[in-house]
Amino acid sequence: LAYPLLTDTQLHGAVVLDLGAAGSDTLDRALRLTHWGAGWLVDLLHQQALQRQQGRNAQGRFLLDTLLALMAEPSQREAGLALVNRVGREFDCHQVQLGVAQRKTLKVLAVSHAAWFEERAGVVNLAAQAMHEAFDQRQRIVWPAADGLEVSSAHRRYADEAGSAALCSLPLAATGGVAGVLMLERDRPF
């Protein structure tokens, strides 16, 4: 007995039972039970697909709302502050920093929950160095690293100084390269 697991037009698998030399009554009963059981599995697949779609919709709403909010800001600095505060709330971060590219270096433009910060302060300088690792490597850096493959020594130094349990630096891709880096900090791993 073979029973396909279909949702709409997508085949997810099949239930196959070897009934041996079964009579028609046994085959009918097995088919009914398989149909009932497969219905439960197909419903579970539908629920998982719905959850994935709801997650994509929520991400789209967040991105659109964030873009609209940033466009309403009068300056780059205020837009940067709005961005780091929104990202911090969305990803449950106690701090988010934005570094913007200036030629081949990064300048810290905004720190969440801070209308003002001292650019030359030691911890801000360490944050800029950590963001530079993601900028130079042109890839996301998560600290502590799960695989240990990326170079993240500046992330470790910053985390030690700032007392951060987890960091994630995200290069912001642009047409000509990397336009900046967002560094997220929170108390649980990314």
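Placed above this text is the structure.
Quick summary incoming for the structure in this document. Just so we're clear, the structure is a prediction, and the values are computed from it rather than from any experiment.

1. Here's the deal with the overall build of the chain
Okay, so step 1: Regarding its fold elements, the chain presents 4 helices and 7 strands.
Okay, so step 2: Counted from the first residue to the last, the chain has its helices and strands arranged as β-β-α-α-β-β-α-β-α-β-β.
Okay, so step 3: Taking 2.2 N^0.38 as the reference for a compact globule, 190 residues should give roughly 16 Å; the C-alpha atoms of the chain span a radius of gyration of 25 Å, well beyond that estimate.
Okay, so step 4: Each principal axis of the C-alpha distribution contributes one length, and for the chain these read about 85 × 40 × 30 Å.

2. With respect to the sheet that holds strand β6 (residues 166-174)
Okay, so step 1: Pairing within the open sheet is antiparallel, and its 5 strands lie in the order β4-β3-β7-β6-β5. Lying at the two open borders of the sheet, with one neighbouring strand each, are β4 (105-111) and β5 (141-143). Within this sheet the neighbouring strands show an average axis-to-axis angle of 20°, counted without direction.
Okay, so step 2: As defined by bridge partners, β6 adjoins strand β7 (residues 177-186) across 9 bridges and the pair is classed as antiparallel. Residue pairing in the sheet places Ala 174 in a bridge with Gly 177 of β7.

3. Looking at the environment of Leu 182
Okay, so step 1: Relative to the helices and strands, Leu 182 is located in strand β7.
Okay, so step 2: You can call Leu 182 buried: its relative accessible area is 7%.
Okay, so step 3: Separated by 51 residues in sequence, Leu 182 and Met 131 place their C-alpha atoms 7.5 Å apart.

4. A closer look at the pattern of salt bridges
For side chains of opposite charge, pairing can occur when their charged atoms come near one another.
Okay, so step 1: Counting across every chain of the model gives 1 salt bridge.
Okay, so step 2: With its nearest N and O atoms 3.6 Å apart, the salt bridge here joins Arg 188 to Asp 92. Taken together, the positions of Arg 188 in the segment after β7 and Asp 92 in the loop between α2 (76-90) and β3 (95-102) put the pair 96 residues apart, joining distant regions of the chain.

5. Points about the packing of helix α1 (residues 24-71) against α2
Okay, so step 1: At a closest axis distance of 9 Å, the pairing of α1 and α2 adopts a crossing angle of 155°. It follows from the interaxial angle that α1 and α2 lie roughly antiparallel. Viewed along their axes, α1 and α2 form a crossing whose handedness is right-handed. Contacts from Phe 62, Asp 65, Thr 66, Ala 69 and Leu 70 in α1 reach Ala 79, Ala 82, Leu 83, Arg 86, Val 87 and Glu 90 in α2.
Okay, so step 2: Residues belonging to the contact of α1 with α2 are distributed by class as follows: 7 nonpolar, 1 polar and 3 charged.

6. Here we look at the packing of helix α3 (residues 122-137) against helix α4 (residues 153-162)
Okay, so step 1: Contact geometry for α3 and α4: axes closest at 8 Å, N-to-C directions at 150°. With respect to their mutual orientation, α3 and α4 come out roughly antiparallel. α3 and α4 meet at a crossing whose hand is left-handed. Between α3 and α4, the contacting residues are Val 123, Leu 126, Ala 127, Gln 129, Ala 130 and Glu 133 on the first element and Ser 153, Ala 154, His 155, Arg 157, Tyr 158, Glu 161 and Ala 162 on the second.
Okay, so step 2: Residue classes in the contact of α3 with α4 are distributed as 7 nonpolar, 3 polar and 3 charged.

What counts as what
- Residues numbered from 1 in each chain as written.
- Predicted model: local features only at pLDDT ≥ 70, side-chain atom pairs only at ≥ 80, totals over all residues.
- Heavy atoms only, no water.
- Helix = DSSP H or I, 4+ residues; strand = E, 2+ residues; numbered from the N terminus.
- Rg over C-alpha atoms; globule rule 2.2 N^0.38 Å.
- Pairing = 2+ DSSP bridges.
- Axes fitted to C-alpha atoms, helices over the stretch in contact; angles between N-to-C directions.
- Buried < 20%, exposed > 50% of the residue type's maximum accessible area, 1.4 Å probe, protein only.
- Salt bridge = Lys/Arg side-chain N within 4 Å of Asp/Glu carboxyl O.
- Parallel < 35°, antiparallel > 145°, perpendicular 65-115°, else oblique.
- Left-handed = near helix turned anticlockwise from the far one by under 90°.
- Contact = heavy atoms within 4.5 Å.
- Nonpolar A, V, L, I, M, F, W, Y, C, P; charged D, E, K, R; others polar.

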